[in-house]
Amino acid sequence: PTREGQPPMPDMSSPAADAHSATPVLAQRLALLRAELARRDLGGFVVPLTDEHMSEYVGDYAQRLAWLTGFGGSAGNAAVLADAAAIFTDGRYTVQ
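Residues numbered from 1 in each chain as written. Predicted model: local features only at pLDDT ≥ 70, side-chain atom pairs only at ≥ 80, totals over all residues. Heavy atoms only, no water.

**A few points about the sheet that holds strand β2 (residues 76–81)**
Then, in step 1: Taken together, the 3 strands give an open sheet; going across it, the order is β1-β2-β3, and neighbouring strands pair in antiparallel fashion. Each end of this open sheet is capped by a strand with a single partner; those strands are β1 (44–48) and β3 (85–89). Within this sheet the neighbouring strands show an average axis-to-axis angle of 15°, counted without direction.
Then, in step 2: Two strands pair when backbone bridges link them, and β1 and β2 are joined in this way by 5 bridges, in the antiparallel orientation. Bridging from a neighbouring strand, F45 pairs with V80 of β2. (Pairing = 2+ DSSP bridges. Helix = DSSP H or I, 4+ residues; strand = E, 2+ residues; numbered from the N terminus. Axes fitted to C-alpha atoms, helices over the stretch in contact; angles between N-to-C directions.)

Take a look at the structure:
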């Protein structure tokens, strides 16, 4: 549902399948997030792996980090700025 005066929320139900087929989808999602940041005059956004309750085990509905980045690990965060983005993980994730 659309909130009054707000654009519709993007569909978060389909995380990226693999890096090659998902790259255009992930780029579009990043562009949408950056557009929303600009619209709200925000300098950046942190995307945690946790859900809105900081749960240890995150349900499929709340896989925000996977939705935005394609990262499927169990520990990580992302930071998105207007001109840069980064993902932070622990040492277990060197290739993904």
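What follows continues from the structure just given.
**A few points about the side chain of R29**
Then, in step 1: Among the secondary structure elements, R29 is positioned in helix α1 (residues 19–39).
Then, in step 2: A distance of 2.6 Å separates a polar atom in the side chain of R29 from the backbone oxygen of W67. (Polar contact = N/O pair within 3.5 Å; in protein donor to acceptor, adjacent residues only side chain to side chain.)

**Looking at the environment of T23**
Then, in step 1: With respect to the helices and strands, T23 occurs in helix α1.
Then, in step 2: When the C-alpha positions of T23 and T69 are compared, they lie 9.1 Å apart, and in sequence the two are 46 residues distant.

**A short note on the nonpolar core**
The nonpolar side chains of soluble globular proteins are, as a tendency, buried together.
Then, in step 1: Core analysis: the biggest nonpolar cluster contains 10 residues, these being L33, L37, V47, L49, L65, W67, L68, F71, A78 and V80.
Then, in step 2: Among residues more than four places away in sequence, those in contact with V80 are L30, L33, R34, L37, G43, G44, F45, L68 and A85. (Core = buried A, V, L, I, M, F, W, Y, C linked by side-chain atoms within 4.5 Å. Buried < 20%, exposed > 50% of the residue type's maximum accessible area, 1.4 Å probe, protein only. Contact = heavy atoms within 4.5 Å.)

**A short note on the pairing of β2**
Then, in step 1: The alternating pattern of β2 places G76, A78 and V80 on a buried face, while none of N77, A79 and L81, on the opposite face, is buried.
Then, in step 2: Two strands pair when backbone bridges link them, and β2 and β3 are joined in this way by 5 bridges, in the antiparallel orientation. The residue of β3 that forms the bridge with G76 is T89.
Then, in step 3: Here β2 hands over to β3 after 3 residues, the two strands then running antiparallel side by side.

**Concerning the pattern of salt bridges**
Then, in step 1: Tallying each qualifying case throughout the model produces 4 salt bridges.
Then, in step 2: The salt bridge involving E36 is made with R40; its shortest N-O contact spans 2.4 Å.
Then, in step 3: The partly exposed category is assigned to R40, whose relative accessible area is 43%.
Then, in step 4: Between R64 and E52 there is a salt bridge whose closest N-O contact spans 3.0 Å. You can see R64 sitting in helix α2 (residues 64–69) and its partner E52 sitting in the loop between β1 and α2, a full 12 residues away along the chain.
Then, in step 5: With a relative accessible area of 45%, E52 lands in the partly exposed category.
Then, in step 6: Within this structure, E36, R39 and R40 form a network of salt bridges that share partners. (Salt bridge = Lys/Arg side-chain N within 4 Å of Asp/Glu carboxyl O.)

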